[in-house]
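# A look at the structure
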Amino acid sequence: MSSLKTPHIEADVVRCLLTVGLGTQLLTIPNLAAQDAGAASTNQPPAAAFSPSSEPSELERVVITGSLIPTSETVGINPVEVFSASQISETGAMDALQALKRLGVNFTGNGNIGQTLNNGGFGEANIAINNLTTLVLLDGRRLANSSFSNGAAVDVNTLPVSMIERIEVLQDGASTAYGADAIGGVVNIITKKNYNGWELGGRYGFGTEDGQFRQWSAYIVGGSSTEKTTVTMGLNYLHQDPLYSSDRKIASQGIPELLDQGVAPPTYISPSYPGRVGNYILAGSPFAQGSPGYNPNITTPVVLPGRPKFTSVDEYNAAVIAAGGVKQYVPLSETTQGQLLDSYGISNYPLINTPLLGVVSVQEQQRLNAFANFGHEVYGKNLELFGQFLYAQTTSTGKLAPSPIPSLGISAITVPADNPYNPFGQDLGAAGSSDPRVRGRFIDFGPRTFVSDTDYFRFVGGLRGEINPDYSWEAAYNYNRSDQTQYTQNAINGGALGL
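The rules behind the values
- Residues numbered from 1 in each chain as written.
- Predicted model: local features only at pLDDT ≥ 70, side-chain atom pairs only at ≥ 80, totals over all residues.
- Heavy atoms only, no water.
- Pairing = 2+ DSSP bridges.
- Helix = DSSP H or I, 4+ residues; strand = E, 2+ residues; numbered from the N terminus.
- Axes fitted to C-alpha atoms, helices over the stretch in contact; angles between N-to-C directions.
- Buried < 20%, exposed > 50% of the residue type's maximum accessible area, 1.4 Å probe, protein only.
- Contact = heavy atoms within 4.5 Å.
- Salt bridge = Lys/Arg side-chain N within 4 Å of Asp/Glu carboxyl O.

### Re the sheet that holds strand S22 (residues 448–468)
- Here we have seven strands laid out as an open sheet, ordered S6-S7-S8-S16-S17-S22-S23, and antiparallel in their pairing. In the strand order of this sheet, the two ends are held by strand S6 (197–206) and strand S23 (471–489), each with one partner. On average, each strand axis in the sheet is tilted by 5° relative to the strand beside it, whichever way the strands run.
- In this structure, strand S17 (residues 383–400) lies alongside S22, joined through 17 bridges in antiparallel fashion. Looking at S22, one finds that Leu390 is bridged to Arg458.

### Considerations on the environment of Gly387
- Here Gly387 is to be found in strand S17.
- Residue class for Gly387 comes out buried when judged on its relative accessible area of 16%.
- Separated by 74 residues in the primary sequence, Gly387 and Gly461 have C-alpha atoms spaced 4.2 Å apart.
- Sequence-distant contacts of Gly387, that is, excluding residues within four places in its chain, are made with Ala372, Asn373, Phe374, Val460 and Gly461.

### A closer look at the pairing of S17
- By the bridge criterion, 15 bridges tie strand S16 (residues 364–379) to S17 in an arrangement that is antiparallel. Considered in S17, the bridge of Ala372 is made with Phe389.

### Concerning the pattern of salt bridges
- What the rule picks out here adds up to twelve salt bridges.
- Ionic pairing is found between Asp139 and Lys193, a salt bridge with its closest N-O pair at 2.9 Å. Here Lys193 lies in the loop between strand S5 (185–191) and S6 and Asp139 lies in the loop between strand S2 (134–138) and strand S3 (141–142), a separation of 54 residues in the sequence.
- Using a relative accessible area of 15% as the deciding quantity, one classes Asp139 as buried.
- For the salt bridge of Arg142 with Asp181, the shortest nitrogen-to-oxygen distance reads 2.6 Å. Within this pair, whereas Arg142 is found in strand S3, its partner Asp181 is found in the loop between helix H4 (175–178) and S5, the two being separated by 39 residues in sequence.
- Taking relative accessible area as the criterion, Arg142 reaches 36% and is therefore assigned partly exposed.
- Its relative accessible area of 28% is what places Asp181 among the partly exposed residues.
- Taken together, the shared-partner salt bridges in this structure form one network comprising Arg141, Glu384, Arg464 and Glu474.

### Points about the environment of Ala218
- Looking at the secondary structure, you find Ala218 in strand S7 (residues 214–225).
- Sequence separation between Ala218 and Asn236 is 18 residues, and the spatial gap between their C-alpha atoms is 5.9 Å.
- If sequence neighbours within four positions are ignored, Ala218 has contacts with Gly201, Gly202, Leu235, Asn236 and Tyr237.

Pasting the structure below:
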């Protein structure tokens, strides 16, 4: 008996915290004895800054991400990181999640998996600081959570990277300020405003290994600002090819390769494949190679005259041989791969390598995003009209192996006794006998395909103003709507099969 091992990876990470004041909105701050990041340096000469003869100076308003009402009592040092647009651009990231994973150290775990999640994924990108529930804000205001996440997370694929001015990350739990959805912290995405001129850009990338994997995007951002009015708008498009699992060895290694490394076959090596009945395989199946009874000419089991009833493969084989025929099913334990599995104590005989059946590791995706920010001073700083618009349309396509048949009963399939491919002379499956156990897979139908469509709309409009240098007000309307649909193709409904 050989032993198996499970590989593991250890990673050392360094956490870098930057102390910076950031923000949401509500009331303003009176004259605060605050300091910005530059003034915090201990390398600066203190004499000029802290001389007793220095005149009091009025600092700019400071609003902190993580505080509802910023006042001198509540403003303090918070573990807030700020990632600028230039830093995000240098990562080459196509979405906010990729950027944060490359720039920060707290975005790991299954709560931060994007379109690389194929089995059960919808092509979304969700954020979870330290893998905990995290509140995602856009310019300090909440976004609609996606239906695909059961209302638990925001899909940041709906936010184009080209619109981002900076990303502020509050890494400490902020549930006291924002509620239970900020246990992990807060990510506040700040968009571009007060923009003058136009900017065109794009990216193109491709895989350097087997297969064809390409990713490209293009964007345009522009705006105009006058003394009283600012308008900023942009358009972003992205396309990403699927990455097939068969193009990457690490995602599609077969049984011999895995066992040679001392690794037990993972779940993608399936025990459900055509021609299997119990622990036997049809003699003509490629999986029967190595067995003394392997016969490539047997592609369909013989049905004996009179359709006698059989409750086991051994009983059926014996009857065929007695009638002058040859063994129709051979034990999996006699096959080459079956013997290899037996030597490692793996008795359920997983033989079919499903990643070779059209499975993708990274979903195909298309995104179209449009956004605009608007501001107009109606009566100076005392009354300002502002607004924001965002539209996103995303389509993601994932593929899994053809539908398996772990058993006829589980798949709600009934094969009647008179079916020309049923050699056992009795009804089998959901409305019949479970012995012998028939397994299979609908390979002829092709891979199961899941197409996830999202249409996201957001509108913010409001008024704000300053009453005096110490007090201000703001009133806004925030409308979000997310329409999401997933279409499933080639997933067989066993109960609807007329066999």
